[in-house]
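# Notes for the structure review
The residues making up each chain are set out below.
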Amino acid sequence: MPRLPTNTPLKSEQFSIQSWRAMQRRWRVYPLLGAGLVAGVVLVMSLLIEHSEEQREIDRLRSDITTQASQLRARIEHEINAPLHLSFGLSTFISGNPEFTEDQFARMTQQMLRVNNHVRHIVAAPDNVVRYVVPLKGNEKAMGLAYMHHPEQRDSVLQIMRTGKPMVAGPVNLVQGGQAFINRVPIFISNEDHPRYGEYWGLLSVVMNSTTLLHATGIDKPYPGLEIGLRGRDGLGAQGGMIYGKAEVFEHRPVLLEVNLPGGSTWQLGLAPQQGWHHAVWADSNLLRYRILGISLAVMVGIMAFLWLTHLRRLREQDDKLQLLACAFEHSAEAIFISDAENRIIAANPAFTRLTGYALPEILGQNPSVLSAGQTPTSVYEAMWMSLEQHGHWQGEIWDKRNNGEIYPKWLNISVMRNSKHEVIYYIASFTDITDQKRNEEKIRHLAHHDYLTGLPNRFTLHQRMAEDIRQAKQDCAMLAVLFIDLDRFKPINDTYGHEVGDKLLIEVANRLKETVRRNDVVARLGGDEFVVELLQLGHVNEAAAVAEKILHRLGAAYHIEGHELYTTPSIGISLFPTDADQADTLLKQADTAMYHAKAQGRNVYRFFNHDMHPISELEDF
């Protein structure tokens, strides 16, 4: 084999040059094959780019639709749950006052009708038969409706009785016409024979206009290019019938969200493009341009352009997101602040300054504990830090203090941000002032346990207090007395001068009773012109008689109301613990019996109960 000269290329260089020249020859010999190969590579790459972009557009579109669906779901849950929160106070009132009057029911429901525009009317159905409707006008046909005999409503009522939980039924075709959602709350009365829930009394139904409620959620407003469906009649979720929209929406791979309803039931919300996902992304995206560009340009230029444009797009998206987050941070109605890993505040928005009174320079670098009012239990903070450590978020109610020293309740949400090493880098907190919410809740609780006219404890609260006082008296071996007071000839005053004068007279009677007894004694109004006084820690029965004498004298004095000089006297019946009985109900019945005997013996007197007294039924004419 001849020796190669010193300037002969290496074998690898020879192979490369020869291969390139061979390829050039093949391209010259087979031009169609070379063109087809390049076209095939370009086509494959353009299809890959096209498919990737299409999937990304679908993901983006699903993300956008999911955001819209989440907002719509939040509005639906708010509009549905708001009447339920208002109805809790009314259900508590009915549970404690099962013998309420139509007038009391009407007064208690007026606030709910004023507060919520979707409430069409409110119904109380003892034993599942409609007996109370407010307002009655336009709903007369609903009176006397027996749910158990109504095929459209029977199943939902049975479900409530079985679970003991509230639920939203409907849309239901009302007997008086129209469709409505019915927010039903079961009412149970405390009873020793039913220790778990109590004795089933019936249902409280808040009937909501389905048209105005759905309109308030915004579900019926135009959503360009989208179809919306809502299903789950009677809270059955995906198994329930359609509530709004077409059933076909749920056949096109929609974005699905569960709408949480009272009692744990759900509706299902679905959103999907009208003409399908593929058509939607092709109609609104740049996919066709990418196809033309991929076919027109060389493979490497196309790949580099695609990577570069993708990189720029991502940078723009990140910048847009940062701007959006900054805008949301600055303009949020909720107070927001961010603290570092050492829990030092590093940022706060204008709403934070408005709610706390602290300017940004005052709060930067401070620990959020400077906001504390010192009234939140330590256990709450311990649970908060445990939740942040284990779950990365926490929400709850705490009491804080403004810069001016004012103490207020707030609802606080905290989330933890960690790095790739799972180390805490930031705490993000937002909160709102819930002073008004707490005040409204307290008003509703007060109405449920006190007489709406006089502010005295009502029958329900009196029974609870008497039971506690009797237990304490048993432990202390003490005596207590129950004075049942009924105003003599109050009805003629009410009929002659009107209910407004009668109400003011009852208020004055309540004030005089409170002034007559000691601070630790109990004064309650049972209803009408009936009052009860519970005297505690008595040393002798004569003390009860002395108080009764004071009440006779005090209540018998003239009442000056709206220019009228009015007179009424009390008839008082007295029962004693432990002499007469050791149960609250029995003591009340005995005092009531003694009161009727006082009326029978001429009124304006008091009588102690004894077991020889005739039953009340024989004295009702008095």
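Remember, predicted model here, so these are calculated numbers, not experimental data. (Residues numbered from 1 in each chain as written. Predicted model: local features only at pLDDT ≥ 70, side-chain atom pairs only at ≥ 80, totals over all residues. Heavy atoms only, no water.)

Turning our attention to the sheet that holds strand S2 (residues 132-134). If you walk across this open sheet you meet the five strands as S2-S1-S5-S4-S3, and the pairing is antiparallel. Two strands lie at the open edges of the sheet, namely S2 and strand S3 (167-173), each paired on one side alone. Strand after strand, the sheet turns through a mean of 20 degrees between neighbouring axes, direction not considered. When strand S1 (residues 119-126) meets S2, the two strands line up antiparallel, connected through three bridges. What sits directly across from Ala 124, in S2, is Tyr 132. Set on the sheet, helix H3 (residues 102-115) makes contact with S1, S2 and strand S5 (199-209); between it and S1 the angle comes to about 145 degrees. Sheet strands touched by helix H5 (residues 210-217): strand S4 (179-189) and S5. Its angle to S5, the strand with the most contacts, is close to 65 degrees. (Pairing = 2+ DSSP bridges. Helix = DSSP H or I, 4+ residues; strand = E, 2+ residues; numbered from the N terminus. Axes fitted to C-alpha atoms, helices over the stretch in contact; angles between N-to-C directions. Contact = heavy atoms within 4.5 Å.)

This next bit is on unusual backbone geometry. Residue Pro 135 follows Val 134 across a cis peptide bond; omega there is -5 degrees. Within the element layout of this structure, Pro 135 appears in the loop between S2 and helix H4 (151-163). Cis geometry marks the peptide bond from Phe 577 to Pro 578; its omega dihedral reads 5 degrees. Tracing the backbone through its elements, the reader meets Pro 578 in the loop between strand S20 (569-577) and helix H17 (584-600).

Judged by nonpolar contacts, the single largest core of 44 residues is most densely connected at Leu 90, Ile 94, Phe 105, Leu 230, Trp 267 and Leu 269. Of all the elements, helix H2 (residues 31-96) adds the most residues to this core, at eleven residues. For Leu 269, the residues in contact, after removing those within four places along its chain, are Ala 69, Leu 72, Arg 73, Ile 219, Ile 228, Gly 229, Leu 230, Phe 250, Val 255, Leu 256, Leu 257 and Val 259. Core analysis: the second largest hydrophobic core is formed by 35 residues, Val 509, Leu 538, Ala 544 and Leu 566 among them. (Core = buried A, V, L, I, M, F, W, Y, C linked by side-chain atoms within 4.5 Å. Buried < 20%, exposed > 50% of the residue type's maximum accessible area, 1.4 Å probe, protein only.)

Attention now goes to the side chain of Asp 486. With respect to the helices and strands, Asp 486 occurs in strand S15 (residues 479-488). Note on Asp 486: relative accessible area 9%, which makes it buried. Here the side chain of Asp 486 touches Lys 599 through a polar contact of 2.9 Å, side chain to side chain. Discounting residues that sit within four places of it in the chain, Asp 486 has contacts with Asp 529, Glu 530, Thr 569, Pro 570, Ser 571, Met 595 and Lys 599. (Polar contact = N/O pair within 3.5 Å; in protein donor to acceptor, adjacent residues only side chain to side chain.)

Counting through the fold element by element, Gln 590 comes out in helix H17. Filtering out sequence-adjacent residues up to four positions away, Gln 590 remains in contact with Ser 575, Asp 580, Ala 581, Phe 609 and His 611.

For residues with low pLDDT, the predicted coordinates do not support detailed interpretation. Scored by pLDDT, the chain comes out at a mean of 82, with 85% of its residues at no less than 70. Low pLDDT (under 50) marks residues 1-16, which in the prediction has two contacts with non-local residues, meaning those over four places away or in another chain. (pLDDT = per-residue confidence, 0-100.)

Among the eight residues that make up S1, seven are buried, leaving the element largely enclosed by the rest of the structure. Examined bridge by bridge, S1 and S5 share seven bridges and lie antiparallel to one another. Each residue of the ladder has a partner; that of Ile 122, found in S5, is Val 206. Hairpin geometry of S1 and S2 is characterised by an intervening segment of five residues between the two adjacent antiparallel strands and by a positive phi of about 55 degrees at Asp 127.

Inspection of every chain in the model, using the stated rule, returns twelve aromatic pairs. Centroid distance Phe 100 to Phe 105: 5.7 Å. Interplanar angle 25 degrees. Geometry classified as stacked. The same class applies to Phe 100 as to Phe 105, namely buried. Both rings, one in Phe 352 and one in Phe 431, keep their centres 6.0 Å apart while their planes meet at 75 degrees; by these two values the pair is edge-to-face. Highlighted residues: Phe 352 in helix H9 (residues 350-356) and Phe 431 in strand S14 (residues 424-433), separated in sequence by 79 residues. By relative accessible area, Phe 352 is classed as buried at 0%. Within the aromatic cluster, the residues linked to one another by ring pairs are Phe 93, Phe 100, Phe 105, Tyr 132 and Trp 201. (Phe/Tyr/Trp six-rings, centres within 6.5 Å; stacked < 30°, edge-to-face > 60°.)

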